[in-house]
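One letter stands for each residue in the lines below.
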Amino acid sequence: MANLTIPAAERGLTPNQVERLDKRRQWGLTFQVIAGQFAFFAVLLTLWSGQDLTYSPAWIRPMFYYNVLTGVLAVIFGLYGTWLKRGAREF
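What you see is a predicted model; the values in this text were computed from it and never measured.

A. Region of the structure containing the overall build of the chain. Looking only at helices and strands, the chain has 2 helices and 0 strands in total. Radius of gyration (C-alpha) of the chain: 20 Å, far over the 12 Å computed for a compact globule of 91 residues. Oriented by its inertia axes, the alpha-carbon framework of the chain measures out at about 70 × 20 × 15 Å. Residues counted as buried form 22% of the 91 residues belonging to the chain. Carbon and sulfur atoms make up 70% of the accessible area of the chain, which amounts to about 6900 Å² in all. For the chain, the distance from the average position of its 9 positive side-chain charges to the average position of its 5 negative side-chain charges is 5 Å.

In structure tokens form, the structure reads like this:
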């Protein structure tokens, strides 16, 4: 009897294809973890970013730029990791 917990598109895969699928999903989880770490640091950088925006002269605001960069990287890694992990039943 067929394993009905496996999506229909994945039931006829060869062992090599299953291995590549598992590797893709592992990379997806890795990217989601990296996204979580970037999001955590973006929240921490918010404290310094506000101070930087208040007291830094002109356009010299490095902490604000780091905060924006970490926020953007968190979103990019999160979306890409979720896309790689698509089809997984662990969600």
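B. Up close: the packing of helix α1 (residues 15–55) against helix α2 (residues 62–84). The interhelical angle for the contact between α1 and α2, taken along N-to-C directions, is 160 degrees, at an axis separation of 7 Å. Comparing their axes, α2 and α1 come out roughly antiparallel. Of the two possible hands of crossing, α1 and α2 adopt the one that is left-handed. For the contact of α1 with α2, the class distribution of residues is 19 nonpolar, 10 polar and 3 charged.

C. Structural view of the packing of aromatic side chains. The final tally for this structure, using the stated rule, is 7 aromatic pairs. Through pairs of rings, three or more aromatic residues link up here, namely Trp27, Phe31, Phe38, Phe77, Tyr80 and Trp83. Of note, Arg86 hangs over the ring of Trp83, and the distance from its end group to the ring centre comes to 4.4 Å.

Cut-offs applied
Residues numbered from 1 in each chain as written. Predicted model: local features only at pLDDT ≥ 70, side-chain atom pairs only at ≥ 80, totals over all residues. Heavy atoms only, no water. Helix = DSSP H or I, 4+ residues; strand = E, 2+ residues; numbered from the N terminus. Rg over C-alpha atoms; globule rule 2.2 N^0.38 Å. Buried < 20%, exposed > 50% of the residue type's maximum accessible area, 1.4 Å probe, protein only. Areas by Shrake-Rupley, 256 points an atom, 1.4 Å probe, with all protein chains shown as cover. Lys, Arg positive; Asp, Glu negative; His and termini not counted. Charge placed at Lys NZ, Arg CZ, Asp CG, Glu CD. Axes fitted to C-alpha atoms, helices over the stretch in contact; angles between N-to-C directions. Parallel < 35°, antiparallel > 145°, perpendicular 65-115°, else oblique. Left-handed = near helix turned anticlockwise from the far one by under 90°. Nonpolar A, V, L, I, M, F, W, Y, C, P; charged D, E, K, R; others polar. Phe/Tyr/Trp six-rings, centres within 6.5 Å; stacked < 30°, edge-to-face > 60°. Lys NZ or Arg CZ within 6 Å of the ring centre and 35° of its normal.

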